[in-house]
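Single-letter residue listing:
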Amino acid sequence: MLNSANNNFVQHVVSTSTEGNMNGYNRKSPQKRRYDMPKYAVPPKKKSGKERVPQPKNTVAMLNELRHGLIYKLESQTGPVHAPLFTISVEVDGQKYMGQGRSKKVARIEAAATALRSFIQFKDGAVLSPLKPAGNLDFTSDEHLENDATKSTIAVDGQKKVPDKGPVMLLYELFNDVNFECMNIDGAQNNCRFKMTVTINDKKFDGTGPSKKLAKNAAAKAALASLCNISYSPMMAPQKNAPLPIDEKSSSMELPQIHADTIGRLVLEKFMEVIKGQEAYSRRKVLAGIVMTENMNFCEAKVISVSTGTKCVSGEHMSVNGAVLNDSHAEIVSRRCLLKYLYAQLDLQCNQATAYQSIFVRNTDGQYPYKLKSGVHFHLYINTAPCGDARIFSPHENDTGVDKHPNRKARGQLRTKIESGEGTIPVKSSDGIQTWDGVLQGQRLLTMSCSDKIARWNIVGIQGSLLSAIIEPVYLHSIVLGSLLHPEHMYRAVCGRIEKSIQGLPPPYHLNKPRLALVTSAEPRNQAKAPNFGINWTIGDTELEVVNSLTGRTIGGQVSRITKQAFFDKYGFLMKNLPGMPNRKVTKDYGETKADVKDYQTAKQELFSAFKREDLGSWLKKPIEQDQFGLVE
């Protein structure tokens with residue numbers, strides 16, 4: 001990738017070029033010369049040409065943007081005292097690059113230039129600018145290169161920052177052969193969406209958006225994330241505001257952008273695949289899915305579940321034998337589909353011939369008979385922030401660290417969904433304990449918000465109480481959103497609001513802090529009315545299932561395959577047939593069987609207590625009559 005420009009690279013970097021400028025105007029901008037100045041009696045004072053001269057280009061700043069935390073070493077100093085020759089090295093991705101110059105500054109710039117050209121093909125003669133405006137810095141100072149170049153991309157506490165330049169501009173600056181093309185226009189879902197594809201060095205990257213400009217930005221972001229590991233994620237520290245108020249650095253909370261985009265793309269593609277032939281049920285407001293990886297290998301990632309939905313069952317349709325879906329919100333349904341998958345994977349352990357195919361292994365040294373294989377991770381995708389605490393404040397604030405919302409006292413509060421409707425209300429505004437006869441007589445059936453349920457999963461796991469008698473708790477590795485990711489609100493909602501008050505969890509239960517990310521091609525806001533149905537699909541299913549969200553049954557009136565009743569039957573089968581189970585009889589009803597899983601119940605009660613200690617409200621429970629059913633003989 002070396003070219004003739006390399007020989008003159010340092011000269012370009014350390015000199016402030018004025019070639020092609022005449023009285024501060026660039027020859028390439030004739031429109032500026034054609035501007036007709038008004039006739040003044042006294043000629044106006046000429047602006048200094050200095051203002052229009054581009055700042056010197058700094059390769060060290062650019063290299064630190066792409067690979068932060070680099071160390072430059074002085075390898076040698078030769079030549080006479082009055083004309084020394086310095087050799088400086090920098091190690092990037094395990095490879096050492098050298099640079100020489102008559103000053104340490106020039107040698108450092110040359111080392112950075114050599115390193116950059118090893119993995120980026122620049123335009124002929126292109127030189128690089130720092131991503132942070134240089135201002136009035138002294139470019140003759142060695143200290144500027146050592147300190148400010150790093151500070152331009154690393155905040156005070158070590159957090160990475162979003163680049164100052166827009167993604168399209170930065171892409172054109174970094175790469176020689178950049179071609180954008182509007183591939184097609186998709187008007188599905190009552191949202192006119194544009195798709196842009198950018199080709200760089202024979203690699204293609206897609207972006208979608210409600211306008212060509214936003215689609216182009218999305219494609220550029222995807223390319224920069226893949227080729228240069230540059231992220232425009234809101235999880236990065238903003239340029240002007242305070243960093244995230246969390247213990248870890250935000251980089252440890254962020255899922256790499258390229259992985260987030262893969263997860264979002266896989267779920268969307270699977271949805272389009274399973275909905276074929278039943279396009280009448282493609283209408284949706286919220287789409288969710290769970291993706292599984294082994295050893296973070298996203299090239300072989302599997303979509304475990306896909307679901308849509310935004311409503312809950314009406315109180316009149318509650319079931320005394322676990323035969324309805326109470327909550328048809330997409331992310332809740334996807335997690336139930338995951339439960340179905342976990343049961344199927346434990347089924348494989350019932351037969352020696354298929355046990356090796358299971359994601360579970362026998363746990364010889366723990367209190368739980370089985371555990372996940374090492375390296376298996378689950379990633380939740382939702383096309384928007386989960387309802388409740390994560391979503392309610394997010395649309396009002398685009399800037400992290402700025403507390404503008406007037407209702408700040410309600411932040412972190414437990415919230416409930418309303419039956420057959422959308423939106424949430426704080427539990428303190430609800431009626432407290434729900435009773436079976438009260439709901440049947442017309443009281444609204446209330447269900448905890450998705451934000452609250454995800455916070456619960458981050459304490460007790462996503463495997464549910466029944467499976468907790470068989471396997472170690474399973475936690476989400478990451479949560480990827482398609483829109484409305486506000487780092488502070490999302491972090492607070494899913495784990496931050498109880499991190500200081502949670503205590504006494506029985507091992508291996510713990511507070512899980514999932515990595516968070518936003519896809520580069522954000523989902524547009526859907527103003528269409530939400531349908532009263534939702535779909536679900538789990539890996540291994542031959543077709544999708546459509547559920548009437550208001551009745552909790554399929555549109556044909558059948559019992560869904562992901563109800564409490566279905567899972568209790570599967571649990572009974574495993575207790576009889578799974579090798580290594582100490583207690584094989586299931587003689588109690590569903591509610592009592594769950595209550596017998598002591599560590600799970602201890603962790604759950606500690607979660608409820610933590611919310612109370614933080615004065616965030618009391619967890620609302622469904623009428624106990626719902627769980628008083630036994631196994632079908």
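You'll find the structure just up there.
For clarity, every value in this text was computed on a predicted model and none was experimentally measured. (Residues numbered from 1 in each chain as written. Predicted model: local features only at pLDDT ≥ 70, side-chain atom pairs only at ≥ 80, totals over all residues. Heavy atoms only, no water.)

1. Here we look at the pairing of strand β7 (residues 193–200)
And then number 1: With seven of its eight residues buried, β7 lies for the most part within the structure.
And then number 2: Across seven bridges, the pairing between β7 and strand β8 (residues 203–209) is antiparallel. Along β8, the bridge assignment pairs V198 with F205.
And then number 3: Count of turn residues in the β7/β8 antiparallel hairpin: two residues, of which N201 carries a positive phi of about 50°. (Buried < 20%, exposed > 50% of the residue type's maximum accessible area, 1.4 Å probe, protein only. Helix = DSSP H or I, 4+ residues; strand = E, 2+ residues; numbered from the N terminus. Pairing = 2+ DSSP bridges.)

2. Concerning helix α15 (residues 487–494)
And then number 1: The buried fraction of α15 is high, at seven of eight residues.
And then number 2: Every buried residue of α15 is accounted for by P487, H489, M490, Y491, R492, A493 and V494.

3. Quick notes on the layout of surface pockets
And then number 1: Its boundaries defined by the atoms lining it, the second largest pocket holds a volume of some 1,300 Å³.
And then number 2: Lining the second largest pocket are 49 residues, with R456, K564, K594, K622 and D627 sitting closest to its centre.
And then number 3: Counting only elements with at least two residues in the lining of the second largest pocket, the list comes to α10 (330–348), β16 (446–448), α13 (450–460), α14 (464–467), α16 (564–577), α17 (590–595) and α18 (598–613).
And then number 4: Of the residues that constitute the lining of the second largest pocket, the class distribution is 22 nonpolar, 14 polar and 13 charged. (1 Å grid on protein atoms, 1.4 Å probe; cavity = no way out; pocket = protein on both sides within 12 Å on 5 of 7 lines; lining within 4 Å. Points joined across faces, edges and corners; volume = space filled by probe spheres on them. Nonpolar A, V, L, I, M, F, W, Y, C, P; charged D, E, K, R; others polar.)

4. Comments concerning the sheet that holds β16
And then number 1: What the three strands build is an open sheet, ordered β15-β14-β16; its pairing is antiparallel. Strand pairing shows two members of the sheet lacking a second neighbour, β15 (424–426) and β16, which therefore form its edges. Averaged over all neighbouring strand pairs, the angle between strand axes comes to 40°, with direction disregarded.
And then number 2: As paired elements, strand β14 (residues 415–418) and β16 share three bridges and run antiparallel to each other. For T416, the partnering residue across the bridge sits in β16 and is M448. (Axes fitted to C-alpha atoms, helices over the stretch in contact; angles between N-to-C directions.)

5. Looking at the state of the cysteines
And then number 1: Following the criterion strictly, the structure yields zero disulfides and no others.
And then number 2: The closest cysteine sulfur to the non-disulfide-bonded C450 is located on C387, 3.7 Å from its own sulfur.
And then number 3: On the accessibility criterion, C450 (0% relative accessible area) is buried. (Disulfide = S-S within 2.5 Å.)

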